[in-house]
Amino acid sequence: KMKSIAPGESLLYSFVAEKAGIWMYHCATAPALHHIGNGMWGAVVIDPPDLAKVDHEYIVMQGELYTGPKDKPGDLAKMTDSKFDAVMFNGYVNQYKFKPLEVKVNERIRMWVLDGGPNENSSFHIIGTIFDTVYKEGNYLLKPGPGGSQALDLQPAQGGFVEFTLKEAGHYAFVTHKFSNIGKGALGLFQANNADGSAPVAGMAGH
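Residues numbered from 1 in each chain as written. Predicted model: local features only at pLDDT ≥ 70, side-chain atom pairs only at ≥ 80, totals over all residues. Heavy atoms only, no water.

Enquirer: For this particular structure, what's the right way to read the overall build of the protein?
Expert: Summing up its helical and strand segments, the protein has three helices and 13 strands in all. The C-alpha radius of gyration of the protein comes to 18 Å, within 12% of the 17 Å expected for a compact globule of 207 residues. Each of the three principal axes of the protein carries a C-alpha extent, and together these read 55 × 40 × 30 Å. Nonlocal contacts in the protein, meaning residues at least 24 apart in sequence, comprise 67% of its contacts between residues at least 6 apart. A total of about 11500 Å² of accessible surface is found on the protein, and carbon and sulfur atoms cover 54% of it. Charged side chains of the protein number 18 positive and 21 negative; the gap between the two group centres comes to 3 Å. (Helix = DSSP H or I, 4+ residues; strand = E, 2+ residues; numbered from the N terminus. Rg over C-alpha atoms; globule rule 2.2 N^0.38 Å. Contact = heavy atoms within 4.5 Å. Areas by Shrake-Rupley, 256 points an atom, 1.4 Å probe, with all protein chains shown as cover. Lys, Arg positive; Asp, Glu negative; His and termini not counted. Charge placed at Lys NZ, Arg CZ, Asp CG, Glu CD.)

Enquirer: Could you clarify how one ought to interpret the pattern of salt bridges in this entry?
Expert: Side-chain pairing between opposite charges can occur once the charged atoms of the two side chains come close. Within this structure, the stated rule accounts for seven salt bridges. Here Glu57 ties to Arg110 by a salt bridge, and the two come within 3.3 Å at their closest N and O atoms. One end of the pair, Glu57, is in strand E3 (residues 56-65); the other, Arg110, is in strand E6 (residues 108-117), with 53 residues separating them in the sequence. Here Arg110 falls in the buried class, since its relative accessible area comes to 2%. For Glu120, the salt bridge is made with Lys178, and the minimal N-O distance between the two is 2.9 Å. Note that Glu120 is positioned in the loop between E6 and strand E7 (122-126) and Lys178 in the loop between strand E12 (170-176) and strand E13 (187-193), a separation of 58 residues in sequence. Look at Lys178 and you get partly exposed, because its relative accessible area is 32%. Residues participating in the shared-partner salt-bridge network are Glu57, Arg108, Arg110, Asp132 and Glu163. (Salt bridge = Lys/Arg side-chain N within 4 Å of Asp/Glu carboxyl O. Buried < 20%, exposed > 50% of the residue type's maximum accessible area, 1.4 Å probe, protein only.)

Enquirer: Please explain the nonpolar core as it appears in this structure.
Expert: Taken as a class, soluble globular proteins show a tendency for nonpolar side chains to be buried jointly. By size, the foremost hydrophobic cluster in this structure holds 30 residues, and its most contacted members are Met111, Phe124, Ile126, Phe164, Phe174 and Phe190. Excluding residues within four positions of it along the chain, Phe124 makes contact with Val60, Met111, Val113, Phe131, Gln150, Ala151, Leu152, Val162, Phe174 and Val175. (Core = buried A, V, L, I, M, F, W, Y, C linked by side-chain atoms within 4.5 Å.)

Enquirer: When you look at the side chain of Asp132 in this model, what are you seeing that I'm missing?
Expert: Tracing the chain through its elements places Asp132 in the loop between E7 and strand E8 (133-136). A distance of 2.6 Å separates a polar atom in the side chain of Asp132 from a polar atom in the side chain of Arg108. Setting aside anything within four residues of it in sequence, one finds Asp132 in contact with Arg108, Leu142, Lys143, Pro144 and Glu163. (Polar contact = N/O pair within 3.5 Å; in protein donor to acceptor, adjacent residues only side chain to side chain.)

Enquirer: Sorry if this is basic, but what is going on with the sheet that holds strand E11 (residues 159-165) here?
Expert: Through backbone hydrogen bonds, the strands of a sheet pair up, either in parallel or in antiparallel fashion. Taken in spatial order, the six strands of this open sheet run E4-E3-E6-E11-E8-E9, and their pairing is mixed. On the outer flanks of this sheet lie strand E4 (86-89) and strand E9 (139-142), each paired with one strand and no other. Strand-to-strand twist in this sheet, taken as the mean axis angle between neighbours without regard to direction, amounts to 20°. Taken together, the four bridges between E3 and E4 define a ladder with antiparallel strand orientation. Bridged to Leu65 within E4 is Ala86. (Pairing = 2+ DSSP bridges. Axes fitted to C-alpha atoms, helices over the stretch in contact; angles between N-to-C directions.)

The structure is reproduced here in structure tokens:
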């Protein structure tokens, strides 16, 4: 039912979401690489059955930026050679570094993560905490118990979620553990406030 449409046209089709997970949707008109590389993609989340309630739930989508000439689309040749200018969370370089996600100590957090690529993989990691739950590609890899995890590894179009709590007030960086990409924009922050709402003291957890 999907097909290419011209500017100004529209296409409506319906489907039944039969499987749980986080799913990448994207433009498939040729060249699909050029369209995905220019941001024509997103995420659909279908919760697994009996998913527990949490205090905060977020979606983080990792993607690359391929700049082109001013006021023009991104450079297809760069995309073909995987020569990206930046790696981003949710479409902006370092946006959560300058506007951290605010939570409170010991609140339970779920983060859905999708690697939209189109080319680069991800090793999602939060500095200063341990995941007690990991769900990847429709399957639980880890549930609360004696074990823990520090990274969720994803290839383009793969996704899942992690759950955790932040034990002390402070700033906690979330990154891809492919460290060459942190300096290219794949960096954000949680600000964990005390239970009374007071802000963390500079230099505490996560630094």
